[in-house]
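Breakdown of the fold
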Amino acid sequence: MTGPVPRPLAAVLDGSTPPGVLPWPAERSVADALTAARDAGWTGASLDLDEIADKAAFMERCARALRLPDWFGRNWDALADCLTDLSWCPPGRGRLLVVTGWQGYAAAAPDDWSIVEGVLADAVGYWRDTDTGLAVIMARGRARQGVDRRS
């Protein structure tokens, strides 16, 4: 890891701040976030949305990258259900989802992206007051080293 983890994530990982949707500096590797989560006893997953331009591709990427259960129906309600029923995802002390390459999809399908933001925010809120919260990092820039892996 290159230097200390940015304060917003560090505060979530140490429990001093409730989990939320967090920014990530463009100059930092997302591998740093995943490593910090693992070191803090959290489960980490990454979702690289590079080259995604429509809902069908987004749903397929979610299914593969997040290893969603077979019952995932590849629609908004099913995604919301998967993110609020995380029995398929080991909890650790919490769960961190790192989203990279999202800017292209947000520009190509702004209405769909608005739904994605709402689904993620709702899932974070659902898990906020539990012992195994969900935090989401929205990575900026091209700092995508370490994506497509689970820690």
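The preceding data block contains the structure.
For the structure given in this document, a descriptive report is provided here. (Residues numbered from 1 in each chain as written. Predicted model: local features only at pLDDT ≥ 70, side-chain atom pairs only at ≥ 80, totals over all residues. Heavy atoms only, no water.)

1. Describing the pairing of strand S2 (residues 43-48)
On any regular strand, side chains alternate: one points to one face of the sheet, the next to the other face. For S2, the buried fraction is high: six of the six residues fall into the buried class. Residues Thr43, Ala45 and Leu47 point to one face of S2 and Gly44, Ser46 and Asp48 to the other, with burial holding for every one of them. As judged from the six bridges shared by S2 and strand S3 (residues 94-100), these two strands associate in the parallel manner. Counterpart to Asp48 in the pairing with S3 is Thr100. (Buried < 20%, exposed > 50% of the residue type's maximum accessible area, 1.4 Å probe, protein only. Helix = DSSP H or I, 4+ residues; strand = E, 2+ residues; numbered from the N terminus. Pairing = 2+ DSSP bridges.)

2. So, the nonpolar core
Formed by 36 residues in total, the largest nonpolar core has its most connected members in Phe58 and Leu79. Put simply, the parts of the chain that give this core at least two residues each are S2, helix H3 (55-65), helix H4 (76-84), S3, helix H5 (102-108), helix H6 (110-127) and strand S4 (133-139). Looking at which element gives the most residues to this core, the answer is H6, with seven residues. Those residues in contact with Leu79 that lie beyond four places of it in its chain are Phe58, Cys62, Leu68, Phe72 and Val119. Formed by 18 residues, the second largest nonpolar core is a distinct cluster that contains Leu9, Leu13, Leu22 and Ala33. (Core = buried A, V, L, I, M, F, W, Y, C linked by side-chain atoms within 4.5 Å. Contact = heavy atoms within 4.5 Å.)

3. Some points on empty space enclosed by the protein
Inspection of every chain in the model, using the stated rule, returns two cavities of 30 Å³ or more. Taken as a whole, the second largest cavity spans an internal volume of roughly 60 Å³. Forming the walls of the second largest cavity are Leu47, Leu49, Phe58, Cys62, Leu66, Leu79, Leu83, Leu97, Val99, Val116 and Leu120. Only H3, H4, S3 and H6 provide two or more residues apiece to the lining of the second largest cavity. Residue classes in the lining of the second largest cavity are distributed as 11 nonpolar, no polar and no charged. (1 Å grid on protein atoms, 1.4 Å probe; cavity = no way out; pocket = protein on both sides within 12 Å on 5 of 7 lines; lining within 4 Å. Points joined across faces, edges and corners; volume = space filled by probe spheres on them. Nonpolar A, V, L, I, M, F, W, Y, C, P; charged D, E, K, R; others polar.)

4. Re the sheet that holds S3
An order of S1-S4-S3-S2 is seen for the four strands of this open sheet, with the pairing classed as parallel. Since the sheet does not close on itself, it has two edges, and those belong to strand S1 (21-24) and S2, each with one partner. Between one strand axis and the next, the sheet turns through 25° on average, direction left out of account. This element, helix H2 (residues 30-39), spans S1, S2, S3 and S4 of the sheet and lies at about 175° to S3. (Axes fitted to C-alpha atoms, helices over the stretch in contact; angles between N-to-C directions.)

5. Notes on the side chain of Arg95
Along the chain, Arg95 turns up in strand S3. It is Asp85 that comes nearest to the buried, bridge-free Arg95 among opposite-charge side chains, at 7.8 Å. Of the polar contacts made by the side chain of Arg95, one reaches the backbone oxygen of Thr132; its length is 3.5 Å. What Arg95 contacts, discounting residues up to four positions off in sequence, is Trp42, Thr43, Leu86, Cys89, Pro90, Trp127, Thr132, Gly133, Leu134 and Ala135. (Lys, Arg positive; Asp, Glu negative; His and termini not counted. Salt bridge = Lys/Arg side-chain N within 4 Å of Asp/Glu carboxyl O. Polar contact = N/O pair within 3.5 Å; in protein donor to acceptor, adjacent residues only side chain to side chain.)

6. Quick notes on the pattern of salt bridges
Summed over all chains, the structure comprises four salt bridges. Arg28 is the partner of Asp32 in a salt bridge, and the nearest nitrogen-oxygen pair spans 3.1 Å. The class for Asp32 is buried, based on a relative accessible area of 7%. Residue Asp39 pairs with Arg38 through a salt bridge whose shortest N-O separation is 3.9 Å. Asp39 sits in the exposed class, given a relative accessible area of 55%.

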